[in-house]
Amino acid sequence: MFSWTEATKALAGISIAAIGVFVGRLAWHADQVRRGLRPFFSRELLLELPIVAGISLLVWSASEFWGLGQGTAAGIGTIAGWLGPRGIEVIAVSWLKRK
């Protein structure tokens, strides 16, 4: 059954995760600009938005699954945002190969 309380908690959780991921992606993008690999305002900057959305859902669902707090989810989101999809893939594959 639908509950506004649960929906509000879920929206707050994913918002916190999204803020963390956005900060991480912004830090990564700023590093790319500093290195001279891309201009700050470009079409590639818009392509970061779907990445932020996808990683935010991943972080939020993982933090809900493991029962982590919102602060922890924001911290994990910042790290995951900075790593990006390729960094997460490299870590996941290396972890799975050890098992």
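Residues numbered from 1 in each chain as written. Predicted model: local features only at pLDDT ≥ 70, side-chain atom pairs only at ≥ 80, totals over all residues. Heavy atoms only, no water.

### A few points about a nonpolar patch on the surface
Stage number 1. On the surface, I19, F22, V23, L26, F40 and F41 cluster together into a nonpolar patch covering about 610 Å² of accessible area.
Stage number 2. Inspection of the secondary structure assignment puts F40 in the loop between α1 (4-34) and α2 (43-46).
Stage number 3. We classify F40 as partly exposed; its relative accessible area is 35%. (Patch = residues over 30% accessible without salt bridge, like charges linked within 9 Å, V, L, I, M, F, W, Y side chains within 5 Å. Areas by Shrake-Rupley, 256 points an atom, 1.4 Å probe, with all protein chains shown as cover. Salt bridge = Lys/Arg side-chain N within 4 Å of Asp/Glu carboxyl O. Helix = DSSP H or I, 4+ residues; strand = E, 2+ residues; numbered from the N terminus. Buried < 20%, exposed > 50% of the residue type's maximum accessible area, 1.4 Å probe, protein only.)

### A look at the pattern of salt bridges
Stage number 1. If you walk through the whole model with that rule in mind, you get five salt bridges.
Stage number 2. In this structure, the salt-bridge partner of E48 is R38, at a minimum N-O distance of 3.4 Å. Of this pair, E48 sits in helix α3 (residues 48-66) while R38 sits in the loop between α1 and α2, placing them 10 residues apart in sequence.
Stage number 3. Residue R38 is classed as buried on the basis of its relative accessible area of 18%.
Stage number 4. If you follow the salt bridges from partner to partner, you end up with R25, R38 and E48 in one network.

### Section: the packing of α1 against α3
In a packed pair of helices, the relevant descriptors are the angle between the two axes and the axis-to-axis distance.
Stage number 1. Between α1 and α3, whose axes approach to 8 Å, the crossing angle comes to 130°. On the basis of the axis angle, α1 is oblique to α3. In this structure, α1 crosses over α3, and the sense of that crossing is right-handed. Every residue of α3 that contacts α1 at A10, G13, I14, A17, A18, V21, F22, R25 and W28 is listed here: E48, I51, V52, I55, S56, L57, V59 and W60.
Stage number 2. Of the residues in the contact of α1 with α3, the class split is 13 nonpolar, two polar and two charged. (Axes fitted to C-alpha atoms, helices over the stretch in contact; angles between N-to-C directions. Parallel < 35°, antiparallel > 145°, perpendicular 65-115°, else oblique. Left-handed = near helix turned anticlockwise from the far one by under 90°. Contact = heavy atoms within 4.5 Å. Nonpolar A, V, L, I, M, F, W, Y, C, P; charged D, E, K, R; others polar.)

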